[in-house]
Structure formats: C-alpha cells, structure tokens
Amino acid sequence: MTGCPSDDIAIGTSNSDSESGSGTQTDSDTNGPTTTGTTAVQDGTGDSGTTGDTDTPMTTGPDSTATDGTASTSDTDASTTDATTGPGEVCGNDVVEGAEACDGSDLAGEDCISQGFDAGMIACNPDCTFDTSGCIMMNCGNDAIEAAEVCDGTDLAGEDCISQGFDAGTLGCMGDCTGYDTSGCVTFMCGNDAIEGAEVCDGTDLAGQDCIGQGFDAGTLGCLDDCTGYDTSSCVAFMCGNDAIEGTEVCDGTDLAGQDCVGQGFDVGTLGCLGDCSAFDTSGCANFAGDCCAANGTPGCDDVACTAAVCALDPFCCSNQWDAICGDEAFVECPAVCDNCGDGTINSPVETCDGLDLAGESCATQGFDLGTLACQADCSAFDTTGCIDFTGDCCAAHPTPGCDDLACTAAVCAIDPFCCSNQWDGVCAGEAIAEPACQGVGGSCSAPVCGDDVAQGLEVCDGADLAGEDCISQGFDTGMLGCLGNCSGFDTSGCADFGGDCCADNGTPGCDDAACTAAVCAIDPFCCDTQWDGICADEALIEPACQGVGGSCPAPGACGDGVIGAGEVCDGADLAGQDCLSQGFDGGTLGCLGDCSGFDTSSCQSIGYGDCINNPPGVACLPQEQCVFNPLNPAQGACAASCTALADCPLTPPGGTAVAQCTDATGDGANECVLSCAGGLLCPPGMLCAFGIACVWS
C-alpha cells in the first residue's frame, strides 16, 4: 500500500522519536528491525476502522522510508477511536490485559491499602489506570478511630484494663494506633492478705466482717481462695425454738436456764421465753398487790406472809383473784395486817366508816344542806352532829348561814359567799329579792309578776321575754313564737312547719323536709321567705340533701347498707371518718341515726366538773351542769349535772383517781354528779378534796 507523499517521514540514522503534525507517531531505529502498530482512521460512517492495534514486524534497511500504514504507529483522538495498548489489548472489557493496571471491575487484586493508603474504595479510570480518589490516608493521633486503627489517643473503643484481662489501672493507645498500651494496667494478687480492686476479701483481710455480720450467730469467717466472696463454712446459725439454749441465747422455748417468775423478782406466775430467745417473757408473771383485808381483784395481796397464810387455806385467792371471801379469811389469818376500827381505813365488812374514811359519804348525801360528816368511834355509823340544814326566810335577814331554799341559797352565795359562810344578813336578803332564783320561794320572797315582760322565778316566759327561745328552738320550721298569758309556757300558734313536695312547686314557703329546705334556702332565700316555686323545686332535684326525702325527689342509696349514698350523712358503721372527738365531745362512741340523716351522739361524752369558781358558769359548765357551791365555804365549788344513774354523769377530768358518783350532794332530794375523793382518792390537777369528800375548785 502506498502512502500519500505528504505523510512521508525520513528515517534518520539515530534512535529517535518524532510526532508529526497529523498525529502520526514514527518510531525509527537504524540498528534493528522496526515494529509498528497500525490504527485505521475513522470512516465516513462513524465506525472505527481499527485493524486490531496489531504490531506488524518489518525489516528495513538503513535507506528505507517508513510510510503510513507500514512503519508508523498512529494514535487517533480518544473521542473517535478505541484506546489501544498493544496488540490484542482492549481497555474497557473488564479484563486486565498487557500493560493495563486495571480494567473496569477487574482491579487485578489491588485495593487502597496495597496502593499505599490506609482505607477506602479504589476504582479504575477509563484509561485502565487506578482511580484512588476514594482512598483515605488515616491521621493517627486525632483521638478518633478511623478505618484499620484499633484505637486513637483517648478513643479506646470502650475498652479498659479490666476488659483487656487486668484487674485495674489505666488503659492507653500505642503511638501508631495499631494496638492498646497496657503498661498502666495492674493485675491484683489474691492471697496477699490485702483487699485490692474488686476483691471482696483476701486471706485474713475480711473487710471488718465476721460470721454475725453475715447473718450467722457464731463461728469463724474465712475468705474464698479466689477472693471473690466469704467462706462461711465455719459459721454457725443457732436454732431459736428448739427448746435448747445455744450460743448467746438467754433462753429457748421451755429451756429457761432454771429460771422462773420468782427468780426474776416476781411473786407468782409462769415465766416464758421471747420468740427470738434474747430474753425472758415476764408477761405471765405478777406481783402480789392490793388490800389483804378486802377484795382487790388480783391474785394475792400486798403482804407476802398474809398471802401465804390465806392461800394455804384457799388456793383460789392466789391462783385466780383475791375476792371478798379471801378478805374475810385474812381478818382471821392476818390480825396484824387487818387492823380494827380506828386505823382510818374501812377494812371490815362490819365497818360503816373509819375515821376520815367515810366511804364517799357527806352531809349532803345524808340529807343535810351543809356541815362536816364524821364517823362514830365504833365505826358502826356516821356522826351527823356536824351537819346542818339551811333555814330562814331567803328575803329577810336572819343569823344563820343560808336560807330555806337551796337554789336561792346557791344563787346568792355565788355572788356573796359571806351569806353562806357567816350569816344571812340584810345584804344577803336584798340580793335574794333581786335574784330570779329566789322569786316566789316563800317567806318574804314575792312571786314574780306575769305580764311585766321579765321572766322570773318559775315563769317560762313573760310577754316579749321569751328566754331566748323561738319557733325553731321549739321544734318548728318558721313563724313567730309568743308567750301564754299566764307565763307558764310558750304560745306556738304562730309557729309553722314547712310542708309540700320538695321537688315540685308547692305554693308554700319551704317543703316537707327540713334539711332539704335549709339547703335550698341557703342558696335561694325566696324559697323560704315567699314560696317554694318551680325554680326551688329544680334546685331541690340536684341538691344531695334532698335525695330520697319523698314526693318527687329521687331516692338515694339505701340507708342501712353500710355505705354513705347521696343525701346520707352516714350509714351504719360508715361514719365518713367522724368520731365523738370530731363532733366536739371528749370521748364515747359515735353512731349514725337510723335514717342516715345525721350522727347519733347519744353515746358521746364531754369532760365535766369544770371550774365555775374562777370562770363564769356559762363558760366552765356543760349545758346540763350548774355551779354547785360548798355551803360551808362558798369560795369552793364545781360544775355538777343532775343524774338518775352514774351513766348520766360526764367524763372525769384527766389526772387523779377520784371517781364520779351520782348522789344527792345538795340535799334537795335530787341527785347530782360529784367527784368523790373519799378514801384518799386523788383529785384531778387544780382541784382539792373538800372535807375528804368531794373534789372542788377554789
């Protein structure tokens, strides 16, 4: 094939490379054969006419001229021809051939690390050379683990000395980030008698623990060979409850170490052992106590010799209680203990009194008004020669203390004690004339005048003086209370009860349930002042107090089911957390009314016997009490309530041993509640025992 004349290139005699302006590269070597590769130019259709990038050997002489297609190697522009690397090499076929470093996905087994990087993803360039733009050179020392680094500075990947198999210490990172620096880690030595690191104990070093600290009762604590815990094999746990004393046990069940109640300082009883074997249980032991010559309610009495003598005849007196029979037996067996009349103590069934021991009696209980009761010398009866009765006209002067009306006497002496302690003089008489309690009591004391608008004496009311009463206090719901013309009682003709259906328009003020009426009228007074209209009825329908009151009102939960329902204040034992104390009393048992509408306080009690000497009676006394004075010393007295039985008396003040008695203390034929200090009983703090009979304030 003959090339164009313009492409002819002269071949020199030396080894040289030259590139023509047409892009044809000519290799020439005058000393040997020339090998060329021929690449066809692009034809008119756009197909590359490459003949396969072949090398065609040919030998030329020194004068030969290399022509196009025979002795020249031409590389066409990459945009128009396939790259060639030599005969049979095709870049782009994913197969490394000849001098290709890589070819597509065929990386010849190379990666970033083999190419001198630390990590990353290597690729192949279109010209079959490596693309290392995805490779990374690590920076060891920046405190951040990257790629193949095991650690980097302070970044230890969560590892420490313990996770590396040591016991303690500080783990580090090697300077080249290829591994951990364990030079700062420590391995403890179990068995050197010194607790180190996570060791619980080590040999004799038990961290202050012993068998007791580990929940045992005794023994020798040790340490496990691997120092991970205690060796309790030599510890001992005693068994409390096996009826055998062991270790530090004081006793165990029936094994009482030979002890009994007497050995523990008591007189009688059965000794036991506490459940934890730490001490004796003396709750079954007792000391003999109480009067030997009277029933005392306990086994034995306060004299050991007398107890022994009586119980030898009557074991019941020691095994059960010292009753009246035991007391009578003591009079025979213990004459030195049970003294006769004159010892100041009633200690015989035949003694009525003994000296100052008056069995709680007084002149008042013996039917007198005043004086000092005594005991006859033979102890068989009371001596009333020191008792007196008040006499004389209350509204006239007379030489004796008091007057013939006890209520008038008490009222006057409350403001003028001289009238009871000395004599009833003209001043006392004048005070009686002005005292309502003395009106119409006889003698010079005239009866009150009905119609003067002043309620006096026995008058219940007088004209406009209604003694503070009104229709409501008389049991009605509304209206105007009046007084009867003879002042003997109230005129309730102007009073009325609310009526009508609470949950319907009834045309009258209020409705037939007082609680519902009060609840609705509290928010809408019109319902009580004018009439119970439809608005009032609607208000009642949603008012809890109106639930189940009858008529059109809806029923609440069933009263009596023990659960407070709508409209119920309480129900059976369900008292909404209330008790007598919360209801203003001092003690007792609170109950619930049968209709669940309120609390039953009939069994609640308050502390009585208040100080009406130093305080106004209206403040010091309970509503049912009045101030009663000592007739011989009106500067002494106490609040007292009328009673028919001891159950009617209020609670006694705290402190002291005095007991309540229901007795005729004033001699007026009616019983009153008094605090008896007879027989040496102690009065509550602040009170004194007057004449050894009753506790009073002074």
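The structure reproduced in this document is the subject of the present report. (Residues numbered from 1 in each chain as written. Predicted model: local features only at pLDDT ≥ 70, side-chain atom pairs only at ≥ 80, totals over all residues. Heavy atoms only, no water.)

## Examining the nonpolar core
The condition that has to hold: In this description, a nonpolar core means a group of buried Ala, Val, Leu, Ile, Met, Phe, Trp, Tyr and Cys residues linked to one another through side-chain atoms lying within 4.5 Å. Whether a residue is buried, partly exposed or exposed follows from its accessible area with a 1.4 Å probe, protein chains only, as a fraction of its type maximum: under 20%, in between, or over 50%, in that order. Helix numbers and strand numbers start at the N terminus; a helix is a DSSP run of H or I with at least 4 residues, a strand a run of E with at least 2.
Formed by 16 residues in total, the largest nonpolar core has its most connected members in Cys408, Val412, Cys419, Trp424, Ala432 and Cys438. At the level of elements, α4 (406-415), α5 (418-421) and α6 (426-434) are the ones that each hand at least two residues to this core.

## What to know about helix α9 (residues 534-541)
Quick reminder of the rule: Arc definition: it is the arc formed by the directions from the helix axis to the C-beta atoms. Contact between two residues is taken to exist if any of their heavy atoms lie within 4.5 Å; hydrogens are not considered. Counted as a polar contact is a pair of N or O atoms within 3.5 Å, where, for protein atoms, one must be capable of donating a hydrogen and the other of accepting one, and residues adjacent in sequence contribute only when both atoms are in side chains.
Those residues of α9 not exposed but buried are Cys536, Ala537, Glu539 and Ala540. Relative to the axis of α9, the buried residues are bounded by an arc of 160° and lie together on one face. Along its buried surface, α9 packs onto α7 (514-523) and α8 (526-529). One side-chain oxygen at the N-terminal end of α9 lies 3.1 Å from the backbone nitrogen of isoleucine 535; it belongs to aspartate 533.

## Some words on the side chain of threonine 365
Tracing the sequence through the fold places threonine 365 in the loop between α3 (324-333) and β22 (370-371). A polar side-chain atom of threonine 365 sits 2.8 Å from a polar atom in the side chain of glutamate 361. Beyond its immediate stretch of four places on either side in the chain, threonine 365 contacts Gly360, Thr663 and Asp664.

## Overview of the environment of glycine 550
With respect to the helices and strands, the residue glycine 550 is situated in the loop between α9 and β30 (587-588). Exposure remark for glycine 550: the relative accessible area of 31% places this residue in the partly exposed category. Put simply, glycine 550 and cysteine 503 are 47 residues apart on the chain and 8.7 Å apart in space, counted from C-alpha to C-alpha.

## Thoughts on α4
Of all the residues in α4, the buried ones are Cys408, Thr409, Ala411, Val412 and Cys413. Taken together, the buried residues of α4 touch α5, α6 and β35 (633-641). Two to three positions downstream of the cap, the backbone nitrogen of alanine 407 sits 3.3 Å from a side-chain oxygen, assigning the N-cap of α4 to aspartate 405.

## Details of the state of the cysteines
What is meant by a disulfide is a covalent connection between two cysteines, made through their sulfur atoms. For clarity, the threshold we go by: A pair of cysteine sulfur atoms is labelled a disulfide when the two atoms are within 2.5 Å.
Here the structure, examined in full by the defined rule, presents 39 disulfides. Sulfur-sulfur distance for the disulfide between cysteine 201 and cysteine 223 comes to 2.0 Å. Because the torsion about its S-S bond is 90°, the bridge between cysteine 201 and cysteine 223 counts as right-handed. Of the two residues, cysteine 201 is situated in the loop between β13 (185-186) and β14 (218-219) and cysteine 223 in strand β15 (residues 222-223); the sequence distance between them amounts to 22 residues. Classification of cysteine 223 as buried rests on a relative accessible area of 13%. The residue that forms a disulfide with cysteine 394 is cysteine 403, at a sulfur-sulfur distance of 2.0 Å.

## Examining the layout of surface pockets
Applied cut-off: The way it works is a 1 Å grid over only the protein atoms, where trapped points that fit a 1.4 Å probe form a cavity and open points with protein on both sides within 12 Å along at least five of seven lines form a pocket, and then any residue with an atom within 4 Å of a point lines it. Grid points are joined across faces, edges and corners, and a volume is the space filled by probe spheres set on the points. Throughout, the ten residues Ala, Val, Leu, Ile, Met, Phe, Trp, Tyr, Cys and Pro are labelled nonpolar, Asp, Glu, Lys and Arg are labelled charged, and all others, Gly among them, are labelled polar.
The space that makes up the largest pocket amounts to roughly 860 Å³. Looking at the largest pocket, it is lined by 49 residues, and the ones nearest its centre are Val628, Phe629, Asn630, Pro631 and Thr666. The dominant element in the lining of the largest pocket, judged by the number of residues it contributes, is α4, at seven residues. Of the residues contributing to the lining of the largest pocket, the split by class is 34 nonpolar, twelve polar and three charged.

## Concerning a nonpolar patch on the surface
Definition in use: Excluding any residue in a salt bridge, patches collect residues exceeding 30% relative accessible area, merging like charges within 9 Å and nonpolar Val, Leu, Ile, Met, Phe, Trp and Tyr side chains within 5 Å. In short, Shrake-Rupley with a 1.4 Å probe defines the accessible areas, and a residue's cover is counted only from the protein chains shown. The salt bridge criterion pairs a side-chain nitrogen of Lys or Arg with a carboxyl oxygen of Asp or Glu, the two atoms within 4 Å.
On the surface, Ile388, Leu632 and Phe691 cluster together into a nonpolar patch covering about 220 Å² of accessible area. Checked against the element boundaries, phenylalanine 691 lands in the loop between β38 (688-690) and β39 (694-696). Residue classification places phenylalanine 691 among the partly exposed positions, given a relative accessible area of 40%.

## Brief notes about the packing of α4 against α6
Quick note on the threshold: A fitted line through C-alpha atoms represents every axis, and for helices the fit uses only the stretch in contact; the resulting angles, taken between N-to-C directions, go from 0 to 180 degrees. Any angle that falls under 35 degrees is termed roughly parallel, while one over 145 is termed roughly antiparallel, one within 65 to 115 roughly perpendicular, and all others oblique. Here a crossing is called left-handed whenever its near helix is offset anticlockwise from the far helix by less than a right angle, and right-handed whenever the offset is clockwise.
Running from amino to carboxyl end, α4 crosses α6 at an angle of 115°, the nearest separation of the two axes being 10 Å. The angle between α4 and α6 falls in the class roughly perpendicular. For α4 against α6, the interelement crossing comes out right-handed. Along its contact with α4, which presents Cys408, Val412 and Ile415, the element α6 presents Cys428, Glu431 and Ala432. Taken together, the residues of the contact of α4 with α6 sort by class into five nonpolar, no polar and one charged.

## Details of the side chain of glutamate 625
With respect to the element layout, glutamate 625 can be found in strand β34 (residues 625-630). Looking at glutamate 625, the relative accessible area reads 9%, which means it is buried. Setting aside residues up to four positions removed in sequence, glutamate 625 forms contacts with Gly608, Tyr609, Gly610, Cys639, Ala640, Ala641 and Pro650.

## Focus: the pairing of strand β37 (residues 672-676)
Here β37 lies mainly inside the structure; five of its five residues are buried. Neither face of β37 is left uncovered, since the one carrying Glu672, Val674 and Ser676 and the one carrying Cys673 and Leu675 both have all their residues buried.

## A word on the pairing of β35
Note the cut-off: A pair of strands is treated as paired once DSSP finds two or more bridges between them.
Extensive coverage of β35 is indicated by the burial of seven of its nine residues. In this sheet, β35 lies alongside β34 in antiparallel orientation, the contact comprising six bridges. Across the sheet, residue asparagine 630 finds its bridge partner in β35, namely asparagine 633. Between β34 and β35, which pair antiparallel one after the other, the connecting turn spans two residues.

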